[in-house]
Amino acid sequence: KAFDLHEHRAEDITADGTIEESDERNTDLIAQTYGIHSERLFTDKAVQIIEEHDLKGGHPLFLTVSYMNPHSPLQALEEDLDRVPANITNQIRRQFSALMGSLDMGVHQISDALKRKGIYEQTIFIFTGDNGGAIQGPIDSKSLGGTNWPLRGSKWTIYEGGVKVPAFVRGPGIEPGTVNNELFHITDWFPTLAKLARAKIRMELDGVDQKDFLFGETKKGPRSEVVLELDPAYQQAALIRGNYKLIVGDPAPKPYHGV
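Residues numbered from 1 in each chain as written. Predicted model: local features only at pLDDT ≥ 70, side-chain atom pairs only at ≥ 80, totals over all residues. Heavy atoms only, no water.

A.B. asks: Explanation requested: the overall build of the protein in the structure shown.
C.D. replies: When helices and strands are counted, the protein shows 7 helices and 8 strands. Here the protein, with 259 residues, has 32% of them falling under the buried criterion. Considering only intrachain contacts with a sequence separation of at least 6, the fraction spanning at least 24 residues in the protein is 52%. Total accessible area computed for the protein in this model is approximately 16,700 Å², and 54% of it derives from carbon and sulfur atoms. (Helix = DSSP H or I, 4+ residues; strand = E, 2+ residues; numbered from the N terminus. Buried < 20%, exposed > 50% of the residue type's maximum accessible area, 1.4 Å probe, protein only. Contact = heavy atoms within 4.5 Å. Areas by Shrake-Rupley, 256 points an atom, 1.4 Å probe, with all protein chains shown as cover.)

A.B. asks: Before we go on, may I ask you to explain a nonpolar patch on the surface in this structure?
C.D. replies: A contiguous nonpolar patch, built from Phe190, Ile201 and Met203 and spanning about 300 Å² of accessible area, is present on the exposed surface. With respect to the helices, strands and loops of the structure, Phe190 is situated in helix H6 (residues 189–196). Take Phe190: its relative accessible area is 47%, and that puts it in the partly exposed class. (Patch = residues over 30% accessible without salt bridge, like charges linked within 9 Å, V, L, I, M, F, W, Y side chains within 5 Å. Salt bridge = Lys/Arg side-chain N within 4 Å of Asp/Glu carboxyl O.)

A.B. asks: How do you make sense of the sheet that holds strand S8 (residues 244–248) when you look at a structure like this?
C.D. replies: Sheet strands pair via backbone hydrogen bonds, and the direction of the pair is either parallel or antiparallel. Ordered in space as S6-S7-S8, the 3 strands form an open sheet in which the pairing is antiparallel. Each edge of the open sheet is held by one strand with a lone partner, namely strand S6 (225–231) and S8. Direction aside, the axes of adjacent strands within the sheet are offset by 5 degrees on average. Looking at chain direction, S6 and strand S7 (residues 236–241) are connected through 6 bridges and run antiparallel. Paired with Val226 across the two strands is Ile240, which belongs to S7. (Pairing = 2+ DSSP bridges. Axes fitted to C-alpha atoms, helices over the stretch in contact; angles between N-to-C directions.)

A.B. asks: Any chance you could explain the environment of Ser111 here in plain terms?
C.D. replies: On the secondary structure map, Ser111 appears in helix H4 (residues 91–117). As a C-alpha pair, Ser111 and Phe125 span 14 residues in sequence and 8.9 Å in three-dimensional space. Discounting residues that sit within four places of it in the chain, Ser111 has contacts with Tyr120 and Phe125.

A.B. asks: Looking at this structure, I do not really get the packing of helix H2 (residues 38–52) against H4. What am I missing?
C.D. replies: Packed helices, taken two at a time, are described by the angle between their axes plus the distance between the axes. Running from amino to carboxyl end, H2 crosses H4 at an angle of 10 degrees, the nearest separation of the two axes being 9 Å. When the axes of H2 and H4 are compared, the pair comes out roughly parallel. Here H2 contributes Glu39, Arg40, Thr43, Ala46, Val47, Ile50, Glu51 and Glu52 to the contact with H4, which in turn contributes Ser102, Leu103, Gly106, Gln109, Ile110, Ala113, Leu114, Arg116 and Lys117. Taken together, the residues that form the contact of H2 with H4 break down as 7 nonpolar, 4 polar and 6 charged. (Parallel < 35°, antiparallel > 145°, perpendicular 65-115°, else oblique. Nonpolar A, V, L, I, M, F, W, Y, C, P; charged D, E, K, R; others polar.)

A.B. asks: For this particular structure, what's the right way to read the nonpolar core?
C.D. replies: The nonpolar side chains of a soluble globular protein tend to be buried with one another. Formed by Ala46, Val47, Ile50, Tyr67, Leu103, Val107, Ile110, Ala113, Leu114, Ile119, Tyr120 and Phe125, the largest nonpolar core amounts to 12 residues. Sorting the residues of this core by element identifies H2 and H4 as the ones contributing at least two each. Considering each element in turn, this core owes the most residues, 5 residues, to H4. In this structure Phe125 touches Val107, Ile110, Ser111, Leu114, Phe168, Val169 and Arg170, once residues within four positions along its chain are discounted. If you look at the next biggest cluster of nonpolar residues, it comprises 5 residues, including Ala76, Leu81, Val84 and Leu99. (Core = buried A, V, L, I, M, F, W, Y, C linked by side-chain atoms within 4.5 Å.)

A.B. asks: Which parts of the structure should I look at to understand the packing of aromatic side chains?
C.D. replies: Aromatic ring pairs are reported here in terms of the distance separating the ring centres and the angle at which the planes meet. Throughout the structure, instances matching the rule amount to 3 aromatic pairs. Their ring planes at 45 degrees and their centres at 4.6 Å tell us that Phe184 and Trp189 sit as a pair that is tilted. The class for Phe184 is partly exposed, based on a relative accessible area of 25%. Just above the ring of Tyr120 sits the side chain of Lys115; from NZ or CZ to the centre is 4.8 Å. (Phe/Tyr/Trp six-rings, centres within 6.5 Å; stacked < 30°, edge-to-face > 60°. Lys NZ or Arg CZ within 6 Å of the ring centre and 35° of its normal.)

A.B. asks: Could you clarify how one ought to interpret unusual backbone geometry in this entry?
C.D. replies: Negative phi characterises most residues that are not glycine, and trans characterises most peptide bonds. Each neighbour pair has its own omega, and for Ser72 with Pro73 the value is 0 degrees, a cis peptide bond. By the secondary structure assignment, Pro73 is in the loop between H2 and helix H3 (78–81). With an omega of 10 degrees, the peptide bond between Trp149 and Pro150 qualifies as cis. Locating Pro150 in the fold gives a position in the loop between strand S4 (125–128) and helix H5 (160–163). Of note in the backbone geometry, Trp156 takes a positive phi value of approximately 80 degrees without being a glycine. By secondary structure assignment, the location of Trp156 is in the loop between S4 and H5. The class of Trp156 is partly exposed, set by a relative accessible area of 34%. Of note in this structure, Arg198 is not a glycine but carries a positive phi near 60 degrees.

A.B. asks: Please clarify how the environment of Glu121 should be interpreted in this entry.
C.D. replies: Inspection of the secondary structure puts Glu121 in the loop between H4 and S4. Sequence-wise, Glu121 and Arg170 are 49 residues apart; in three dimensions their C-alpha atoms are separated by 9.3 Å.

Keep in mind that these numbers describe shape and distance, not what the molecule does.
Encoded structure:
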């Protein structure tokens, strides 16, 4: 899906490359927020939730903010474009950079809201992506402004540039400046956070609890391997074990050969 960042409409790219507008949307909400950039909407709502959270009842707060920046379409606001350094002259990279700057400001505002609420120092703050940067589109090969250098590949590929993402964690008990070079999969966040919340999980999970390693209680991470992909549609699979990576099938759909 691709979402217009101002009009908040969803579009699906079908198998034959045509674009269909999704009917799964709240038309009343779209009417109320039409023309407001999604980053501003998400940030304002997150700040509101923090400000209105009841601390007296002893209730913990779990908040996920899934920004769409810098997902295509690249639709940065002029005020954000004005903050992009002049030495970035490529117009697509300027759009991409402006969207990243906007996201950064949103995270800053959420951090400030936590500080005003008096809970910043007790908050575990996780920032992570869901895939590598998108270098070009899947249909028309149009540049999307991303770069994963020095890693090979792009979003939609199982090269390292498609599956490695930047991430950081801050919070009580985490030593500032600590670098984690161990294997960590996005599915690990659920059992890790559940352990921190003292919740009992009564189901089998793909994720692994990384709490002890994350907080420096163990020197070695619990993972020795990560399954990166099992995709029957593209007939591809990938596995990392130790210092080795196994790729089965084509690691990149046709538009991304050579990316």
